[in-house]
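An overview of the molecular structure
Below, each chain spelled out in residue letters.
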Amino acid sequence: MQYVYPDYYKEFKCIAGDCKHTCCQGWEVDIDKETYHYYHNIRGEFGKKLKKYTTKKGIPHFIMDEHDRCPFLNKDGLCDVFIELGEEHLCQICTEHPRFKNKYDDRLETGLGLCCEEAGRIILGRKEPVKLVIEGESYAEDELLDLRDEVTLVLQDRSLSIDQRMDKLLAMCKAKDPRKKMAELMQAVVFLERMDEKWTELLNMLFAGYSDRDEENFNTLMQDRQTEYEQLLVYFVYRHLGIAFDEIDIGARAAFAVFGCTFIRNMGIAFYKNFGHFDFEDQVEIARLFSAEIEYSEENLEAMIEELE
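Everything in this summary refers to the structure shown in the same document. (Residues numbered from 1 in each chain as written. Predicted model: local features only at pLDDT ≥ 70, side-chain atom pairs only at ≥ 80, totals over all residues. Heavy atoms only, no water.)

So, the packing of aromatic side chains
- One pass over the full model with this rule turns up 22 aromatic pairs.
- The interplanar angle of 55 degrees and the centroid separation of 6.0 Å between the aromatic rings of Phe259 and Phe290 together place this pair among those described as tilted. With Phe259 in helix H12 (residues 247-275) and Phe290 in helix H13 (residues 280-295), the pair connects residues that are 31 residues apart, well separated along the chain. For the pair Phe259 and Phe290, one class covers both residues: buried. (Phe/Tyr/Trp six-rings, centres within 6.5 Å; stacked < 30°, edge-to-face > 60°. Helix = DSSP H or I, 4+ residues; strand = E, 2+ residues; numbered from the N terminus. Buried < 20%, exposed > 50% of the residue type's maximum accessible area, 1.4 Å probe, protein only.)

Following this line, the structure appears as structure tokens:
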């Protein structure tokens, strides 16, 4: 078995109570069966609380409170399960988040997801081109992964502008250019499931529009921050391109990378127009919301991939 991960992967460490956007609120937290069984054999007052606030209905999960928060997220933003039982007894999703995994025949790829603000800081704040760390041997050739490697090198070619790199990505993957129908794609985003009202606020800013002058001023502001868009593109390609199942899907997933980067950049312009500033933390927040709203909803992601075919 071969294990693959970006060279920044092991830098991640959960910042717990210092996180402004807890991953313990706003979506259902599932519990794997083994951990659910363990929780229901805990005795004492904490055991009673575990039984009260977990359910086996459908997929086992925690029963969120009236504010859609996990009942074990305390007022300090810390996890009471972690405190009472130790990290080794967190359920699988709580242990792994915000990591993702893509499994191939003899290869397991892992990475960090942009829906976590600290992961976003690591990914978008990196100045050097990302490299993949490969551990173990693989004997199976994979043309799609070879294509992805070639695409990644192009995306890291800093003699080219970001838009020129996106052009090459689309050409190499025989993909349609989503930039030519961004208005249509923006409408598609509006009808997706919403999970955070901050996303709605950003969408409203984007639909309010901005002028060519706003875009020029933004581009001047971002002149020395183009690596943030490079890292976005490389992240999207690493996470999504390798799992494509045919030529049409390859093109759609390449287009998704360009769409995601362009959409996040356009949101940055709208944000800058409204607030008069756009610093690194603003970029991280917009990318986090995009990831949480689209990448971390299977229905939303599938809908956007279909729109890009």
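What about the packing of helix H11 (residues 227-240) against H13?
- Between H11 and H13, whose axes approach to 12 Å, the crossing angle comes to 20 degrees. In terms of orientation, H11 lies roughly parallel with respect to H13. The handedness of the crossing between H11 and H13 comes out as right-handed. Each of Glu228, Tyr229, Leu232, Tyr235, Phe236, Arg239 and His240 in H11 lies in contact with H13, whose residues at this interface are Phe280, Gln283, Ala287, Phe290, Ser291 and Glu295.
- A per-class count over the contact of H11 with H13 returns 7 nonpolar, 3 polar and 3 charged. (Axes fitted to C-alpha atoms, helices over the stretch in contact; angles between N-to-C directions. Parallel < 35°, antiparallel > 145°, perpendicular 65-115°, else oblique. Left-handed = near helix turned anticlockwise from the far one by under 90°. Contact = heavy atoms within 4.5 Å. Nonpolar A, V, L, I, M, F, W, Y, C, P; charged D, E, K, R; others polar.)

Considering a nonpolar patch on the surface
- Residues Leu78, Phe82 and Ile83 make up a contiguous nonpolar surface patch of about 260 Å² in total accessible area.
- Within the secondary structure layout, Ile83 lies in helix H3 (residues 80-85). (Patch = residues over 30% accessible without salt bridge, like charges linked within 9 Å, V, L, I, M, F, W, Y side chains within 5 Å. Areas by Shrake-Rupley, 256 points an atom, 1.4 Å probe, with all protein chains shown as cover. Salt bridge = Lys/Arg side-chain N within 4 Å of Asp/Glu carboxyl O.)

With respect to the side chain of His61
- Topologically, His61 is positioned in strand E3 (residues 61-62).
- The exposure class assigned to His61 is buried, which follows from its relative accessible area of 13%.
- Within the structure, the side chain of His61 is placed 2.6 Å from the backbone oxygen of Ile59, a separation counted as a polar contact.
- Apart from residues lying up to four places away in sequence, His61 is in contact with Glu28, Val29, Asp30, Ile31, Tyr53, Thr54 and Thr55. (Polar contact = N/O pair within 3.5 Å; in protein donor to acceptor, adjacent residues only side chain to side chain.)

Remarks on helix H5 (residues 117-124)
- Extensive coverage of H5 is indicated by the burial of 7 of its 8 residues.
- If you check which residues of H5 are buried, you get Glu117, Glu118, Ala119, Gly120, Ile122, Ile123 and Leu124.
- Close packing links the buried residues of H5 with strand E5 (107-112), H11 and H13.

Thoughts on the pattern of salt bridges
- Under the criterion given, the structure shown has 22 salt bridges.
- Close ionic contact of Asp76 with Lys75 constitutes a salt bridge, the shortest N to O distance being 3.9 Å.
- With relative accessibility at 78%, the residue Lys75 sits in the exposed group.
- A salt bridge links Glu230 to Arg165; its shortest N-O distance comes to 2.9 Å. In this pair, Glu230 is assigned in helix H11 and Arg165 in helix H7 (residues 162-172), connecting sequence segments 65 residues apart. In this pair, the class of Glu230 matches that of Arg165, namely buried.
- Within this structure, Lys20, Glu117, Glu118, Arg121 and Glu281 form a network of salt bridges that share partners.

Here we look at a negative patch on the surface
- Residues Glu184, Glu193, Asp246, Glu247, Glu298, Glu299, Glu302, Glu306, Glu307 and Glu309 make up a contiguous surface patch of negative charge.
- For the negative patch, the leading source of residues is helix H14 (residues 298-307), giving 5 residues.
- Relative to the helices and strands, Glu298 resides in helix H14. (Lys, Arg positive; Asp, Glu negative; His and termini not counted. Charge placed at Lys NZ, Arg CZ, Asp CG, Glu CD.)

Regarding the pairing of strand E4 (residues 99-104)
- Residues Phe100, Asn102 and Tyr104 of E4 are buried on one face, while the alternating residues Arg99, Lys101 and Lys103, pointing to the opposite face, are not.
- Strand direction decides the pairing type here: E4 and E5, joined by 6 bridges, are antiparallel. Residue Asn102 lies in a different strand from E5, and its bridge partner there is Glu109.
- Joining the antiparallel neighbours E4 and E5 is a turn of 2 residues. (Pairing = 2+ DSSP bridges.)

A look at the sheet that holds strand E6 (residues 132-135)
- With mixed pairing, 4 strands are arranged side by side in an open sheet as E4-E5-E1-E6. Strands with a single pairing partner mark the edges of an open sheet, and in this sheet they are E4 and E6. Each strand axis lies, on average, 20 degrees off the axis of its neighbour in the sheet, ignoring direction.
- Bridge count between strand E1 (residues 2-6) and E5: 3 bridges; the pairing is parallel. The residue of E5 that forms the bridge with Gln2 is Arg107.
- Packed onto the sheet, helix H6 (residues 143-155) meets E4, E5 and E6 and runs at close to 35 degrees relative to E5.
- Against the sheet, H11 makes contact with E1, E4, E5 and E6, and its axis sits at roughly 45 degrees relative to E4, the strand it touches most.

Remarks on H12
- Helix length check: H12, at 29 residues, gives a terminal C-alpha distance of 42 Å against a target of 42 Å (1.5 Å per residue), a fit within 8%.
- In terms of burial, H12 is a largely internal element, 23 of the 29 residues being buried.
- Regarding H12, its N-cap is Asp246, as a side-chain oxygen of that residue lies 3.2 Å from the backbone nitrogen of Ile248 further along.
- Two residues or fewer past H12, Gly276 is found with a positive phi of approximately 75 degrees. (Expected span 1.5 Å × (residues − 1).)

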